[in-house]
Amino acid sequence: MTTSATIHPFPSPRQTDAATLRRAIAASALGNATEWFDYGIYAYGITYISAALLPGSTQQAILFALATFAISFLVRPLGGLFWGPLGDRLGRKSVLALTILLMSGAILCVGLIPDHARIGFWAPVLLIALRMVQGFSTGGEYGGAATFMAEYAPDERRGFYGSFLEFGTLAGFSLGAALMLGFSLLLGDAAMHAWGWRVPFLVAAPMGLVGMYLRSKMEDTPVFRAAALHDAGQPSPRLPLLVRRHWRPMLVVAGLVVALNVVNYTLLSYMPTYLHRRIGLSADEALIVPIIGMLAMMAFLPFAGAWSDRVGRRAMWRISLIGLLVAVVPLYLLMATGLAGALLGFAVLGLLYVPQLATITATFPALFPTRVRFAGFAIAYNVSTSIFGGTAPAIGSGLISLTGNELMPAFYMMLACIVGLIALHFMPETAGRSLHGDPFAEKRA
């Protein structure tokens, strides 16, 4: 895809060399992998975590655990409000070094909480507190990492390089899920309940330290440094001014994130519980199905990212949203037929979702000008995620309980895709554009 160049009053930074670009990809992707590693071990270890730390019957404890998972998302907007403006003022890398430390530290500490039998109500209190710390740090992590990656990538290949951030998403989730499943198969149910569920949480510490080291050794992004020279002495706008000037991209991002995250958290976080408790697969089968599906998704992510550099981001999102809207109910019906149907249905759902997932990093940061990119993206993304992302597993489960219809999660995904298509209508194409511009201002002009 060819986009006409727009001239902007910014100095042109030198071309990023290949080695620096690889380090930027690793530094960005490892933080995202750490975030989703946490989601993977939480989603796949929810039975053990709820039994060890939460009161009540098994079903009540699992529902409480799902609600606790959602609680971390309620503080993500606060994290976006705190870290986003800080990242636009101080730089991307300084904020990202802090967020990965906080995030990995909170994950580690979950594995160290004493059992409910030992400390009573303090166990769920500590779990909720640590989930909130994790959510607060994640509020700056994803928007910052995506911005960091986008601002290092060359304009004409931003989709390809940006896809590796989401490769980190699935790699982290798969690693967490595989560790929890592997320990479960290796140790057995009794040992897992006694202590085995804690071990995967301890892996977060070295992941966080490696990520902080990589980020601390990087220069800030060429785009940020160029903008900082041009805008020296000019403070980033405060929240009211940010919203007043940039409400259009914030609404577009928020609308697209409704579709993105309802699908994302339903597929990755809720699906093991759904397949086991609603469809009737064995516990191990319900864990294996999404892992195989995610491996298939990882294989296609770079190709989808590269294709978006040729055909544009809008085309990729349209294919994904319409495909999911049409196919999600038949694929849910297919998953209900047994293990083979679940494997095929999940894989097809995942591949239909890939065009969205592969292009997040290339799409969302490019909708904002540099001076407000971190804050605008982080706030819009995290507000929408807190309402529609982390709540998706609990809403899907609650709708089934309310109606008795096992297809309610599919209908909820369809509604989210309709919201995404409406938002997509108002999104300008950004493939190949310089990040020094403001696509919404250029569209109006």
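Reading the values: rules and limits
- Residue positions are counted from 1 within each chain, in the order its sequence is given.
- In keeping with the predicted nature of the model, local features appear solely for residues at pLDDT of at least 70, side-chain atom pairs appear and are counted solely at 80 or more, and the whole-chain, interface and lining totals rest on all residues.
- Working from all heavy atoms in the structure, the side-chain values ignore hydrogens and water.
- In this text, helices come from DSSP runs of H or I with a minimum length of four residues, and strands from runs of E with a minimum of two, each type numbered from the N-terminal end.
- Our radius of gyration is a C-alpha quantity, and the globule rule it is checked against amounts to 2.2 Å times the number of residues to the power 0.38.
- In this analysis, two residues are considered to be in contact whenever any of their non-hydrogen atoms come within 4.5 Å of each other.
- Residue exposure ignores everything except the shown protein chains as possible cover, and the areas themselves are Shrake-Rupley values with a 1.4 Å probe.
- Positive residues here are Lys and Arg, negative ones are Asp and Glu, while His and the chain termini are left out of the count.
- Note that the charge is assigned to NZ on lysines, CZ on arginines, CG on aspartates and CD on glutamates.
- Expected helix span is taken as 1.5 Å per residue step, with the number of steps being one fewer than the number of residues.
- Two axes enter the bend calculation: one fitted to the seven residues ending at the residue in question, the other to the seven starting there, and the bend is the angle between them.
- N or O atoms closer than or at 3.5 Å make up a polar contact, with two conditions inside protein: a donor-capable atom paired with an acceptor-capable one, and, for residues adjacent in sequence, both atoms drawn from side chains.
- Helix axes are fitted only over the stretch in contact, all axes being lines through C-alpha atoms; the angle between N-to-C directions runs from 0 to 180 degrees.
- Each angle is binned into one of four classes, with values under 35 degrees roughly parallel, values over 145 roughly antiparallel, values of 65 to 115 roughly perpendicular, and all other values oblique.
- Crossing handedness follows the turn of the near helix against the far one: under a right angle anticlockwise gives a left-handed crossing, and clockwise gives a right-handed one.
- Pairs were defined over the aromatic rings of Phe, Tyr and Trp, the Trp ring being its six-membered one, requiring ring centres within 6.5 Å. Orientation was assigned from the angle between planes: stacked under 30 degrees, edge-to-face over 60, tilted for the rest.
- Remark: exposure states derive from per-residue accessible area (1.4 Å probe, protein chains only) relative to the maximum for the residue type, with buried under 20%, exposed over 50%, and partly exposed in between.
- Working rule: Lys NZ or Arg CZ, within 6 Å of ring centre, within 35 degrees of ring normal, means a charge sits over the ring.
- Think of a nonpolar core as a cluster: buried Ala, Val, Leu, Ile, Met, Phe, Trp, Tyr and Cys residues, connected wherever their side-chain atoms sit within 4.5 Å.
- The predictor reports its confidence for every residue as pLDDT, a score running from 0 up to 100.
- By definition, a salt bridge exists where a carboxyl oxygen of Asp or Glu is found within 4 Å of a side-chain nitrogen of Lys or Arg.

Asker: When you look at the overall build of the chain in this model, what are you seeing that I'm missing?
Answerer: What the chain contains, in helices and strands, is 21 helices and zero strands. Taking 2.2 N^0.38 as the reference for a compact globule, 445 residues should give roughly 22 Å; the C-alpha atoms of the chain span a radius of gyration of 21 Å, in line with that estimate. With respect to the three principal axes, the spread of C-alpha positions in the chain is 65 × 45 × 40 Å. The contacts of the chain with a sequence gap of at least 6 include a subset with a gap of at least 24, amounting to 85%. Carbon and sulfur atoms provide 70% of the accessible area of the chain, an area that totals close to 16,600 Å². Of note, the chain has its 30 positive side-chain charges centred 6 Å away from the centre of its 21 negative side-chain charges.

Asker: Please explain helix α14 (residues 283–311) as it appears in this structure.
Answerer: Think of an α-helix as 3.6 residues a turn; residues three or four steps apart then line up on the same face. Taking 1.5 Å as the rise per residue, α14 with 29 residues should run 42 Å; its terminal C-alpha atoms sit 41 Å apart, in good agreement. Its axis deflected by about 35° at F300, α14 carries its strongest bend there, up to four residues before the proline P302. Taking the backbone nitrogen of E285 as reference, a side-chain oxygen 3.1 Å away marks S282 as the first, capping residue of α14. Two residues or fewer after α14 comes G312, characterised by a positive phi angle close to 100°.

Asker: Just to check I follow, could you spell out the packing of helix α7 (residues 122–152) against helix α18 (residues 373–388) for this structure?
Answerer: Two elements in contact, α7 and α18, have axes whose closest approach is 9 Å; the angle formed by their N-to-C orientations is 130°. Between α7 and α18, the crossing angle belongs to the class labelled oblique. Taken as a pair, α7 and α18 cross one another with a handedness that is right-handed. In contact with T138, G139, G140, Y142, G143, G144, A146, T147 and E151 of α7, α18 contributes R373, F374, F377, A378, Y381 and N382.

Asker: I'm lost on the packing of aromatic side chains in this one. Help?
Answerer: Pairs of aromatic rings are described using the distance from one ring centre to the other and the angle between the two planes. Enumeration over the complete set of coordinates arrives at 20 aromatic pairs. Ring geometry for F160 versus Y161: centroids 5.2 Å apart, planes at 65°, classification edge-to-face. Look at F160 and you get buried, because its relative accessible area is 18%. Aromatic pair F164 and F167: ring centres 6.3 Å apart, planes at 50°, arrangement tilted. Of the two residues, F164 and F167 are both situated in helix α8 (residues 158–187); the distance of three residues between them amounts to about one turn of the helix. By relative accessible area, which is 24% here, F164 ends up partly exposed. F167 gets classed as partly exposed once you look at its relative accessible area, which sits at 30%. In textbook terms, an aromatic cluster arises when at least three aromatic residues are bridged by ring pairs, as seen for Y142, W317, F364, F377 and Y381. The residue whose ring lies beneath R131 is Y42, and the NZ or CZ to ring-centre distance is 4.4 Å.

Asker: Explain α7 here, please?
Answerer: Here α7 spans 44 Å end to end across 31 residues, near enough to the 45 Å set by a 1.5 Å rise per residue. In the structure, α7 departs most strongly from a straight axis at T138, where the bend amounts to approximately 30°. With respect to burial, α7 is a largely interior element, 23 of its 31 residues being buried.

Asker: When you look at the nonpolar core in this model, what are you seeing that I'm missing?
Answerer: The nonpolar side chains of a soluble globular protein tend to be buried, and buried together. One finds Y44, L53, F173, W197, L275, Y332 and F364 to be the most contacted residues of the largest nonpolar core, which totals 118 residues. In this structure, L53 is in contact with I113, P114, D115, H116, A123, P124, L127 and W197, ignoring residues within four places of it in sequence. Counting residues in each nonpolar core, the second largest holds five residues, with W83, L86, V95 and A378 among its members.

Asker: It is not clear to me how the side chain of S137 should be interpreted in this structure. Could you clarify?
Answerer: Here S137 lies in helix α7. The buried category is assigned to S137, whose relative accessible area is 0%. If we ignore the near neighbours within four places in the chain, the residues touching S137 are W83, T99, L102 and M103.

Asker: Is there a simple way to explain the confidence of the model for the chain in this structure?
Answerer: Detail in the predicted coordinates should be disregarded across regions flagged by low pLDDT. Across the chain, the average pLDDT comes to 85, with 91% of residues at or above 70. Contacts of residues 1–14 to residues separated by more than four positions or lying in other chains number 26 contacts, the stretch itself having pLDDT below 50.

Asker: So what exactly am I meant to see when it comes to the environment of Y270 here?
Answerer: Counting through the fold element by element, Y270 comes out in helix α13 (residues 239–279). Look at Y270 and you get buried, because its relative accessible area is 2%. Separated by 154 residues in sequence, Y270 and L424 place their C-alpha atoms 26 Å apart. Excluding residues that lie within four positions of it along the chain, Y270 makes contacts with Y265, R278, P393, G396, S397, I400 and P409.

Asker: Could you clarify how one ought to interpret the pattern of salt bridges in this entry?
Answerer: Oppositely charged side chains can form a pair if their charged atoms are brought close together. Throughout the structure, instances matching the rule amount to ten salt bridges. For E219, the salt bridge identified is with R225, shortest N-O distance 3.9 Å. Exposure remark for E219: the relative accessible area of 46% places this residue in the partly exposed category. The class for R225 is partly exposed, based on a relative accessible area of 32%. As a salt-bridge pair, D309 and R313 come within 3.0 Å of each other at their nearest N and O atoms.

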